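# Summary of the model geometry
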Amino acid sequence: MEATATALKIVTPNDGIVGFLGSIGVRFMIDGPETSGGFSLVEHPMSARALAAPLHLHTREDEYSYVLQGRMGALLGDDVVEAGPGDLVHKPRNQWHTFWNAGDEPCRILEIIAPAGFEQFFRELDALGGALRADPAALADLNARYGMEMQPETVPGLLERFGLQIGEPLTGGWTA
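Everything in this summary refers to the structure shown in the same document. This is a predicted model, so every value here is computed, not measured.

Glancing now at unusual backbone geometry. Here the bond from Ala-114 into Pro-115 is cis, since omega is -5°, no more than 30 degrees from zero. As for its placement among the helices and strands, Pro-115 is situated in the loop between strand 10 (107–114) and helix 1 (119–127). At Arg-49, a position not held by glycine, the phi torsion is positive, near 60°. As for its placement among the helices and strands, Arg-49 is situated in the loop between strand 3 (40–46) and strand 4 (55–58).

Structure, rendered in structure tokens:
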């Protein structure tokens with residue numbers, strides 16, 4: 001078996017392009033081309049009680065959320081879980097899910113996306129001004145191109161059920 005040489009990469013806390021997706025932030029750390037498409041890695045900082053997204057599912061990739069700081073809540077199918085620093089939550093493709101900051105302090109997660117490619121969805125969503133500012137037709141097209149199904153009508157119920165907010169600026173020193 002022949003090994004492929006790749007360049008060493010160190011991502012410091014100040015490295016990476018950052019953006020805002022409408023309710024949570026994103027910092028791009030490792031893109032798909034750097035891993036031959038195997039995975040990508042982004043950081044999602046979330047302000048207190050922030051809902052990340054409506055219920056949605058990915059048809060092409062699995063997501064793994066590793067909690068760095070704070071408490072992350074997630075709805076995976078019918079199961080509600082809460083994870084803290086050092087915990088890893090697997091959100092498999094084709095499963096309805098969402099996630100949020102379950103605490104009153106900032107939360108930061110590393111999101112491993114496998115295979116890679118969906119990180120580009122976040123870039124395009126940021127360029128549209130985030131989910132709350134994006135033209136609905138443009139957002140629907142973006143979802144379709146990335147094999148994502150979304151249920152925006154679930155947002156009010158999620159906000160009420162879990163005591164969350166959406167679209168609030170980030171707190172805790174992280175800025176886009």
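This paragraph deals with the layout of surface pockets. One number sums up the size of the largest pocket: a volume of about 380 Å³. Ala-52, Ala-53, Pro-54, Ala-131 and Met-150 are the residues nearest the centre of the largest pocket, which is lined by 24 residues in total. The set of elements that each furnish at least two residues to the lining of the largest pocket consists of strand 4, helix 1 and strand 11 (148–151). At three residues, helix 1 tops the list of elements feeding residues into the lining of the largest pocket.

Bringing the sheet that holds strand 2 (residues 25–30) into the picture now. Spatially, 1-2-3-10-5-8 is the arrangement adopted by the six strands of the open sheet, whose pairing is antiparallel. Of all strands in the sheet, those with a lone pairing partner are strand 1 (18–20) and strand 8 (88–91), marking the two edges. When strand polarity is set aside, the average angle formed by the axes of neighbouring strands in this sheet is 25°. In this structure, strand 5 (residues 62–69) lies alongside strand 8, joined through four bridges in antiparallel fashion. The residue bridging Glu-63 from the neighbouring strand is Lys-91, located in strand 8.

All of the buried residues along helix 2 (residues 136–145) are Leu-139, Leu-142 and Asn-143. The buried residues of helix 2 occupy one face: seen down the axis, they fall within an arc of 100°. Opposite the packed face of helix 2, turned more than 90 degrees from it, sit the exposed residues Ala-137 and Ala-144. Next to the buried residues of helix 2 lie helix 1 and strand 11. Sitting at the amino-terminal end of helix 2 is Asp-135, which places a side-chain oxygen 3.1 Å from the backbone nitrogen of Ala-137. One or two residues past the end of helix 2 sits Gly-147, with phi positive at roughly 65°.

Turning next to the pairing of strand 4. Alternating positions in strand 4 separate into two faces, Leu-55 and Leu-57 on one and His-56 and His-58 on the other, with burial throughout. Of the strand pairs in this sheet, strand 4 and strand 11 are connected by four bridges, and their pairing is antiparallel. Across the sheet, the residue bridging to Leu-55 is Gln-151, located in strand 11.

The rules behind these values
Residues numbered from 1 in each chain as written. Predicted model: local features only at pLDDT ≥ 70, side-chain atom pairs only at ≥ 80, totals over all residues. Heavy atoms only, no water. Helix = DSSP H or I, 4+ residues; strand = E, 2+ residues; numbered from the N terminus. 1 Å grid on protein atoms, 1.4 Å probe; cavity = no way out; pocket = protein on both sides within 12 Å on 5 of 7 lines; lining within 4 Å. Points joined across faces, edges and corners; volume = space filled by probe spheres on them. Pairing = 2+ DSSP bridges. Axes fitted to C-alpha atoms, helices over the stretch in contact; angles between N-to-C directions. Buried < 20%, exposed > 50% of the residue type's maximum accessible area, 1.4 Å probe, protein only. Arc of directions from axis to C-beta. Contact = heavy atoms within 4.5 Å. Polar contact = N/O pair within 3.5 Å; in protein donor to acceptor, adjacent residues only side chain to side chain.

In short, shape yes, function no, at least from these values alone.
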